[in-house]
Amino acid sequence: MLVATSSYALTTSTVVVGSSGGCLLIDPAVTAADLAGLAGELAARGLRPAAGWSTHPHWDHVLWSRELGDAPRYAAPAAVSLAETDRENILEYLRQSAPGHDLELVGRMRSLDASAIPWDGPEARLIVHDGHAPGHGAVFLPKSGVLIAGDMCSDVEIPLLDTVATDPLGDYRTGMQRLASVPGVRQVVPGHGHVGDAGELRRRLALDAAYLDAVSAGQPYDDPRLTEDSPEWMRVTHEDQVRYFQRLPAAAAIRDGQQQDRRVRRVQADVVLRGHEVVGGRVDLTVARVAGEARERPAGDLEPDPVPATEPVRRAEQAHPDGAGQRVGLGEPHDAVTDVARPAARVHVAQPHEQVRVRVVAGDGHLGDDLADNLGRLVQRIAAEHQHV
Ligand SMILES: [Zn+2]
């Protein structure tokens, strides 16, 4: 087994060597140059990918290149479906964070609902759970005792929760338990960070558990992975997670144009929660179901920088087939608008100081009529959208 580590966020790519020159390639990443280097390295060793696996549907884990060939690429069903509905966001992250990839190949995984990856190399068992992202699939190689953990069990990153999920904390803890109960782990390979042994895996799981306990209880926590030298995106994400559990609006986390780290470049918003107002410029938010009457608004309404007319939410793009799509347009005092859930629409929330009223309706029903509370949730979702790495 080979592990390549990119200088970009210590992102790992894992190669499991199989029979007759075939290999299993897990999360090849992350820059176009990294992928070219990886393809060259494999060719030099007489290896060619026989199968690919993406641990989860974040932009830095769904990459591929022509040079890597046309082996079947797999991911868990929930991961594949999010990669499809969230495709525009993934591509946007990628363009800004690691340009130069063949975008046609990004996120093109087949849904695999199985206990192991079908290939003729060493058995590669799947441990699928939610928590960091829907359908996160770690891979365990029982023969060598290697656990390829995706974006779990990192020595350099705090737990990064999927805060748009219904139960982010429960999902994450379930995922940790599944990984902790895999018997015979001798090495852990995180998606970002360093390979560790069994003791190190236990140490990281304990660290993650302590982090989650403290943060979910609203307590400050001195995680050794959060230091002055930590990247800005991770400190911002930590603050967002603290806010999430304190049920506070995440408004301050989004600052116009403050792209302090490559991994948060998608932040384009300047959202400030002031009572019933969302004040600001460009916001990416997701639209799936609409409260009240569905109305389409022409793209030209979305000043000052209209989204192309090809981008409005359409029914066909919705995860909820019964939900009507709708854009958020310039605010009118009683504009009921929009929600949430996965499929993405790029929306401009009016111009500075326009008022947009937003009623948030979850896929499972109303969250309540308290507008301020709903706005808080919406802003958290917006912030969460910006966290995906
Ligand atoms: Zn991730």
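Scope of this entry: the structure provided in the associated data block. None of the values given here were measured: they were computed from a predicted structure. (Residues numbered from 1 in each chain as written. Predicted model: local features only at pLDDT ≥ 70, side-chain atom pairs only at ≥ 80, totals over all residues.)

**Things to note about helix H3 (residues 87–97)**
For H3, the full list of buried residues reads Asn89, Ile90, Tyr93, Leu94 and Ser97. Taken down its axis, H3 places every buried residue within 135° of arc, on the same side. (Buried ≥ 20, exposed ≤ 12 C-beta atoms within 10 Å, placed from the backbone. Helix = DSSP H or I, 4+ residues; strand = E, 2+ residues; numbered from the N terminus. Arc of directions from axis to C-beta.)

**Details of the sheet that holds strand E9 (residues 146–150)**
Read across the open sheet, the 5 strands follow the order E7-E8-E9-E10-E11; overall the sheet is mixed. If you trace the sheet from one side to the other, it starts and ends with strand E7 (125–129) and strand E11 (196–197), each paired once. (Pairing = 2+ DSSP bridges.)

**Re the environment of Leu160**
Inspection of the secondary structure puts Leu160 in the loop between E9 and helix H4 (168–180). For Leu160, a count of 24 C-beta atoms within 10 Å translates into the label buried. For Leu160 and His132, which are 28 residues apart along the polypeptide, the C-alpha to C-alpha distance reads 5.8 Å.

**Focus on the nonpolar core**
Core analysis: the largest hydrophobic core is formed by 66 residues, its most contacted members being Leu24, Ala75, Ala138, Val139, Leu147 and Ala149. Sorting elements by how many residues they give to this core places helix H2 (residues 77–85) first, with 5 residues. Excluding its chain neighbours within four sequence positions, the residues that come into contact with Ala75 are Trp53, Ser54, Pro57, Val80, Ala83, Met109, Leu112, Gly135 and Gly137. (Core = buried A, V, L, I, M, F, W, Y, C linked by C-beta atoms within 7 Å. Contact = placed C-beta atoms within 7 Å.)

**Points about the sheet that holds strand E3 (residues 22–26)**
Taken together, 6 strands build an open sheet; the order of strands is E1-E2-E3-E4-E5-E6 and the sheet is mixed. Both edges of this open sheet fall to strand E1 (2–5) and strand E6 (110–111), since each of them pairs with a single strand only. Pairing of E3 with strand E4 (residues 48–53) involves 5 bridges; the strand directions are parallel. Its bridge partner lying in E4, Gly22 is registered against Arg48.

**Overview of the pairing of E7**
Taken together, the 5 bridges between E7 and strand E8 (residues 136–141) define a ladder with antiparallel strand orientation. Each residue of the ladder has a partner; that of Arg125, found in E8, is Phe140. Counted between consecutive antiparallel strands, the loop separating E7 from E8 contains 6 residues, among which Gly131 sits at a positive phi close to 125°.

**Focus: helix H6 (residues 232–246)**
Here H6 is 15 residues long and its end C-alpha atoms lie 21 Å apart, about the 21 Å a rise of 1.5 Å per residue gives. Listing the buried residues of H6 in full gives Trp233, Met234, Val236, Thr237, His238, Asp240, Gln241, Arg243 and Tyr244. (Expected span 1.5 Å × (residues − 1).)

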